Amino acid sequence: MSAVACLASARLFLLPLLPSTPRRPPLAAARRRRGSSVRLAAARREASPPSPADAVDCVGTGSEVECFADAGAEPLAIAEEQRGKGEEADASPAAFEVAGGQLWEWASLISPFFFWGTAMVAMKGVIPRTGPFFVAALRLIPAGALLIAFAAARGRKQPSGWDAWLAIAAFGLVDAACFQGFLAEGLQKTSAGLGSVIIDSQPLTVAVLASLLFGESIGAIGVGGLVLGVFGLLLLEVPALSVDGNDTTIWGSGEWWMFLSAQSMAVGTIMVRWVSKYSDPIMATGWHMIIGGLPLLAISALNHDPALNGHLQDLTWSDVLALGYTSIFGSAVSYGVYFYNATRGSLTTLSSLTFLTPMFASIFGYLYLGESFSPVQIGGALLTLVAIYMVNYKSIVGEK
């Protein structure tokens, strides 16, 4: 999930956010990953006319972000186009300045996926010396505290009432504790790249649950994507089931733990509507990280993870930087940059860049950890990524 050499990125994170009242837009509107997690709630603004920033609110879930636009606000695709025209009209004639602006724009768009993917590699590298549940807790608690402090500084309201805290606690148990716990356990037994592909398959489950619970339709192409996705996941997971002697145990498979992590994140996505009815989305995101991280810290102590069993002093500076990177960049900063891009009208582009997270995880897992895919797993990964795009096809085309 290199801590704060990111003052520039932190400036993106510390954007002014206005309180919002959630509506119920389709869950397939716009999705994205990794730390921490962060999820989308609807936005209803009193200002008239609303700006793109006023039309979007985001909630962190699992290792990504979910963002929905206010149906009554100016469409973000149109806002993005108009913003681009205005920038083009005011742009300096110097070609290098135009190129530099475009380069910064793309770097801003890609950076959350880079942080999420490389955070998986950082977690994988440090888990043997710290323990899986310690890493999972550390990815959640500091980032959650940072989000709460930021939201409070911007005047966001703290959750109040039993309904709000019950919703956040349940959200934290499923989307934070289960998601990060399963992910960290799975990383011990599978590669960061393969695990990232499996976790990114969660939109397939979300599509099924949204259809069953809310009557949402994904269209014929989406249904085809579900079928293709199941086949792709089978190619990823079945060959990797561990076999010890005559025992075949599914719990020894890292791919199985990653699959459980993806399902936790999918259920968390469905829970966003419920949570957002009772609490500010940014506050809910921060508190669900802390509430979900505390039981993971307790499990880490009971599990005698090395970091809490007298070996914390054995960590190198590289390990400390990896832990800081996982928590700050892999959760809080990536969420802030994603929200910044969403408020600038880039939701359609962001939705189409989902595949970058497993790509970055695979590339850096190969470079730093020597990981590789088998031919069957490569085929399964490609099928799964195509299936994810097919499931999101209707919402992507609709946004355009």
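Owing to the predicted nature of the structure, the values given are computational and were not obtained by experimental measurement.

For this particular structure, what's the right way to read unusual backbone geometry?
Trans peptide bonds make up most of the peptide bonds, and negative phi angles are found at most residues other than glycine. The phi angle at His 304 is positive, at roughly 55°, despite the residue not being glycine. Relative to the helices and strands, His 304 resides in the loop between helix H10 (281-302) and helix H11 (317-343).

I'm lost on the UniProt feature "transmembrane region" (unreviewed entry) in the protein in this one. Help?
If you check UniProt for "transmembrane region" (unreviewed entry), the listed places come out as residues 133-152, 164-183, 204-236, 256-275, 282-302, 322-340, 347-369 and 375-393 in our numbering. For the annotated span residues 375-393, helix accounts for 100% and strand for 0% of the residues, and the straight-line distance between the end C-alpha atoms is 27 Å.

How do you make sense of the confidence of the model for the protein when you look at a structure like this?
Segments scoring low in pLDDT should not have their predicted coordinates read at a detailed level. Averaged over every residue, the pLDDT of the protein is 74; the share at 70 or more is 66%. Here helix H1 (residues 7-13) stands out as the least confident element of the protein, with mean pLDDT 36; helix H5 (residues 162-187) is the most confident, with 93. In the predicted structure, residues 242-247 sits below a pLDDT of 50 and forms seven contacts with residues beyond four places in sequence or in another chain.

What's the story with a nonpolar patch on the surface in this structure? I'm lost.
Among the surface-exposed residues, Phe 355, Met 359, Ile 363, Tyr 366, Leu 367, Tyr 368 and Leu 369 lie close enough to one another that they form a single nonpolar patch of about 730 Å² accessible area. With respect to the helices and strands, Phe 355 occurs in the loop between helix H12 (347-351) and helix H13 (356-369). Judged by its relative accessible area of 40%, Phe 355 falls in the partly exposed class.

Mind showing me how you'd approach the pattern of salt bridges here?
In the structure shown here, the tally under the stated rule is three salt bridges. Notably, a salt bridge pairs Arg 156 with Asp 280, separated by 2.4 Å at the nearest N-O pair. Of the two residues, Arg 156 is situated in the loop between helix H4 (132-153) and H5 and Asp 280 in the loop between helix H9 (254-276) and H10; the sequence distance between them amounts to 124 residues. Take Arg 156 and Asp 280: they sit in the same class, and that class is buried.

What's the story with the nonpolar core in this structure? I'm lost.
Of all hydrophobic cores here, the largest spans 55 residues; its most connected members are Met 120, Leu 183, Leu 187, Ile 199, Leu 236, Met 258 and Leu 296. The element contributing the most residues to this core is H4, with 10 residues. Non-local contacts of Leu 187, meaning those with residues more than four positions away in its chain, are made with Met 120, Met 123, Lys 124, Ile 127, Ala 192 and Met 258. In terms of nonpolar packing, the next biggest core, distinct from the first, is built from seven residues, Ile 168, Met 271, Val 272 and Ala 284 among them.

Please explain the packing of aromatic side chains as it appears in this structure.
For any pair of aromatic rings, the description consists of the separation of the ring centres together with the inter-plane angle of the planes. In this structure the tally under the stated criterion is 11 aromatic pairs. Here Phe 115 and Tyr 325 contribute two aromatic rings whose centre-to-centre distance is 6.2 Å and whose plane-to-plane angle is 75°, an arrangement assigned as edge-to-face. With Phe 115 in helix H3 (residues 95-130) and Tyr 325 in helix H11, this residue pair connects regions lying 210 residues apart in the sequence. Taking 5.3 Å as the distance between ring centres and 75° as the angle between the ring planes, the aromatic pair formed by Trp 165 and Trp 287 counts as edge-to-face. Placement of Trp 165 in helix H5 and of Trp 287 in helix H10 is noted, with a sequence separation of 122 residues between them. The partly exposed category is assigned to Trp 165, whose relative accessible area is 31%. Members of the aromatic cluster, each reached through a chain of ring pairs, are Phe 114, Phe 115, Tyr 325, Phe 329, Phe 360, Phe 364 and Tyr 368.

Here is what the cut-offs are and how they apply
Residues numbered from 1 in each chain as written. Predicted model: local features only at pLDDT ≥ 70, side-chain atom pairs only at ≥ 80, totals over all residues. Heavy atoms only, no water. Helix = DSSP H or I, 4+ residues; strand = E, 2+ residues; numbered from the N terminus. UniProt positions renumbered as here; feature names shortened; annotations may be inferred. pLDDT = per-residue confidence, 0-100. Contact = heavy atoms within 4.5 Å. Patch = residues over 30% accessible without salt bridge, like charges linked within 9 Å, V, L, I, M, F, W, Y side chains within 5 Å. Areas by Shrake-Rupley, 256 points an atom, 1.4 Å probe, with all protein chains shown as cover. Salt bridge = Lys/Arg side-chain N within 4 Å of Asp/Glu carboxyl O. Buried < 20%, exposed > 50% of the residue type's maximum accessible area, 1.4 Å probe, protein only. Core = buried A, V, L, I, M, F, W, Y, C linked by side-chain atoms within 4.5 Å. Phe/Tyr/Trp six-rings, centres within 6.5 Å; stacked < 30°, edge-to-face > 60°.

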